[in-house]
Amino acid sequence: MSHDHHHHHHDMSSNRIGWAFFLNLGFTIIEFIGGVLTNSTAILADAVHDLGDSLSIGLAWLLNKFSKRDPSRTFTYGYQRLSLVGAFINAVILIAGSVWVLYTAIPRLLDPVMPVVEGMIGLAVFGVAVNGYAAFKLSAGETLNERVLNWHLIEDVLGWVAVLIVSVVLYFVDWPILDPLLSIGFTLFILLNVIRTLASTVKLFVQAAPSEEAYIAIQEKLIKLDDVQDAHHIHFWSLDGERHVLTAHIVVARELTAEQRGKLKLNISDALQGFNLAHTTIELEYPDEPCRDH
């Protein structure tokens, strides 16, 4: 019964993310066309932002489906690390889009062009409605994926509120420079987030420890256990930033009976609770035993 409930919950999560993806992607296409027609770099900048969110949501949706598949002989850890490939591709597309927006917007600071304000207002209202509805759909979700994507969509709503405010101001005041200023502001915000994401993605690619503090805490917990003399060759890395992998060699302080070894394994398992470890490999060594990995 609990398995059926979990499966139903998983399908509901997948459906909500799918809804948000198609809404966002459809609107992003409308947005690019609208940005060109209204001659607004601010709308084009927000279109790049929404494209990034569409890619993130689409990736999350695919991974949500992939996560049902069992590990294979090729993907022995499963498919979680595909999210890193997706994050890298997403970052490259967003950087290219941001460079294009800056290339378009910066010259307009010197020679501002008045956009079609009525079209901007219409698109901004539509943008708040579509992104707001997508955020509302995902707000019912309980998974980490859904919560993260929901924040992305709330960011989008706030972006469209900014476009709406600027377009209303432009309707009453002839200040065309506000449009390229807003687009440059959006683009710099996107680049800041993309560079931060890219840095953390590269860190995961090269199998750095997800947290130095967690690494030290794991080492200390293992060494403090009864019957443990030393812990070395501790390798702590992450599949996708959420699910981590740990391997370690534990040197026992004395000869242990089968029952004592079983108890030590249970103590190790208890000590490692709370570190989000998806895969753990522990090798027990005796003090006079040469380490195979030296």
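Residues numbered from 1 in each chain as written. Predicted model: local features only at pLDDT ≥ 70, side-chain atom pairs only at ≥ 80, totals over all residues. Heavy atoms only, no water.

Let us look at the environment of F172. Turning to its location among the elements, F172 is positioned in helix α5 (residues 144–172). When the C-alpha atoms of F172 and I106 are compared, they prove to be 24 Å apart, with 66 residues separating the residues in sequence. (Helix = DSSP H or I, 4+ residues; strand = E, 2+ residues; numbered from the N terminus.)

Turning to unusual backbone geometry, a few remarks are in order. One non-glycine residue, Q207, adopts positive backbone phi at about 60°. Tracing the backbone through its elements, the reader meets Q207 in the loop between α6 (178–205) and α7 (212–223). On the basis of relative accessible area, Q207 is assigned to the partly exposed category, the value being 42%. Located in the positive-phi region is D227, a residue other than glycine, with phi close to 70°. The topology assignment puts D227 in the loop between α7 and β1 (228–238). (Buried < 20%, exposed > 50% of the residue type's maximum accessible area, 1.4 Å probe, protein only.)

What follows is about the confidence of the model for the protein. With 90% of its residues at a pLDDT of 70 or more, the protein has an overall mean of 82. Confidence, read as mean pLDDT per element, is least for helix α1 (residues 2–38) in the protein (73) and greatest for strand β2 (residues 244–252) (93). Note on residues 1–9: pLDDT is under 50 here. Beyond four places in sequence and across chains, it has two contacts. (pLDDT = per-residue confidence, 0-100. Contact = heavy atoms within 4.5 Å.)

Here we have three strands laid out as an open sheet, ordered β1-β2-β3, and mixed in their pairing. A single partner strand is all that each edge strand has here, and the edge strands are β1 and β3 (277–285). The average undirected angle you get between the axes of adjacent strands in this sheet is 15°. Examined bridge by bridge, β1 and β2 share eight bridges and lie antiparallel to one another. Looking across to β2, one finds that W237 is bridged to V245. Across the sheet, α7 is in contact with β1 and β2; its angle to β1 comes to roughly 155°. (Pairing = 2+ DSSP bridges. Axes fitted to C-alpha atoms, helices over the stretch in contact; angles between N-to-C directions.)

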